[in-house]
Amino acid sequence: GPLGVAVIGVGTMGADHVRRIDGVVGGARVAAVADVDGDRARAVAETVEGCAAYTEPAAAIASPEVDAVLIASPGPAHEEALSAAFERDLPVLCEKPLTPDPDSALRVLEAEQRLGRRRVQVGFMRRFDADYTRLRRTLAEGGLGRPLMLHCRHRNVSVHPYFTREMLITDCVAHEMDSTRWLLGQEITAVTVLRPAPGSGPSEALDDPQLVIFETDGGALVDVEIFAHCGFGYQVRTEAVCERGTARIGDDHGMVTRTAGRWGGEIAQGYLERFGDAYDREVRLWVDAARRGEVTGPSAWDGYAVAAVSRAGVVAQATGRRTPVEMIERPAFYGPGRR
Ligand code: ISE
């Protein structure tokens, strides 16, 4: 029968995954949802036949109908849900951040290793995006020469009022941390954060935008503009500068019209739209692997590495200083790095 999935947390991302599992991805069904907001859990459960609603993640995960767990609650709630899934040895797709800090991420790595095989895929969905996949292949093929720099732009229309300036690093730039590691096959060794005088309104409270710079152990430099309240659209762009050329993805594409002396097109308004196909592919591959008894894709190690870089980023943001990243050695359990 289909894989019974418990979706933990049904805010924007979780509710979208419920819709995806129910209507887009084959081979799975949403057997249970959990949310601290019981009304929200019930409202989402009512959209799916035979789906039970819970307020306690552990209760949903304990249901005999549940064979796999998708965690889409806020980062600080992840460790507890992961433990409950590990107790039943279930495959997990955990949205980023794996956990909010490297110490808790390390506990997750240790608990997973005790189970003896990978159980966690982390939701770094850009790895499933057609443009990012193509860029990685282009860099790996080597025709452009060695990558020297990445120029990244990450702009949101706006973020929730509960967003903090630390979250610019831990929730937004976290994606560029993973993309950098994945595109270059290198680890990030130091982070620096620079800021212009902030814009007004919500941008001012967040000190938004900011410029985040990574150094890698392969000698590459990466700059990331994070602009969480840019107001006009959702834009995620990466340009690789290599020895013999450049490659750029994430420019607005789609239809361009020309009329009355002007030309124009549309800018996506959010990540659900821009990365819709990537989320579909990510969840489909997770479900297919889970049905074979496997877990593939970005691992808990990748989640830990990003937590470690995020900690350095938050310190760099607070102190204005270049901050080295502290990380443990990659355990053999997670296989060799790409280098
Ligand atoms: C959000 O949490 C995400 O994960 C999106 O992918 C990211 O682009 C956005 O900036 C975050 O707020």
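Residues numbered from 1 in each chain as written. Predicted model: local features only at pLDDT ≥ 70, side-chain atom pairs only at ≥ 80, totals over all residues.

## Section: the UniProt feature "domain: GFO/IDH/MocA-like oxidoreductase" (unreviewed entry) in the protein
- Feature annotation in UniProt assigns "domain: GFO/IDH/MocA-like oxidoreductase" (unreviewed entry) to the following positions: residues 132-247.
- Counting secondary structure, residues 132-247 comes out at 30% helix and 35% strand; the distance between its end C-alpha atoms is 11 Å. (UniProt positions renumbered as here; feature names shortened; annotations may be inferred. Helix = DSSP H or I, 4+ residues; strand = E, 2+ residues; numbered from the N terminus.)

## Structural notes on the sheet that holds strand 2 (residues 28-34)
- If you walk across this open sheet you meet the six strands as 3-2-1-4-5-6, and the pairing is parallel. Only two strands of the sheet have a single partner each, and these edge strands are strand 3 (52-54) and strand 6 (120-122). Strand-to-strand twist across the sheet, computed as the mean angle between neighbouring axes with direction ignored, equals 25°.
- Here strand 2 runs beside strand 3; their pairing, made up of three bridges, is parallel. Looking at the pairing, A34 lines up with Y54 of strand 3. (Pairing = 2+ DSSP bridges. Axes fitted to C-alpha atoms, helices over the stretch in contact; angles between N-to-C directions.)

## Looking at the sheet that holds strand 12 (residues 245-249)
- Spatial ordering of the open sheet is given by 12-11-7-10-9-8-15, a layout of seven strands whose pairing is mixed. Bordering the open sheet on either side are strand 12 and strand 15 (323-324), each of which pairs with just one other strand.
- One ladder, built from six bridges, connects strand 8 (residues 188-194) with strand 9 (residues 210-216); its direction is antiparallel. Bridging across to strand 9, T192 finds its partner in I213.
- Of the strands in this sheet, strand 7 (147-155), strand 11 (235-242) and strand 12 touch helix 6 (residues 130-141), which is tilted by about 165° from strand 12.
- Its contacts with the sheet put helix 7 (residues 165-184) on strand 7, strand 8, strand 9, strand 10 (221-227) and strand 11, and the angle it makes with strand 7 is roughly 150°. (Contact = placed C-beta atoms within 7 Å.)

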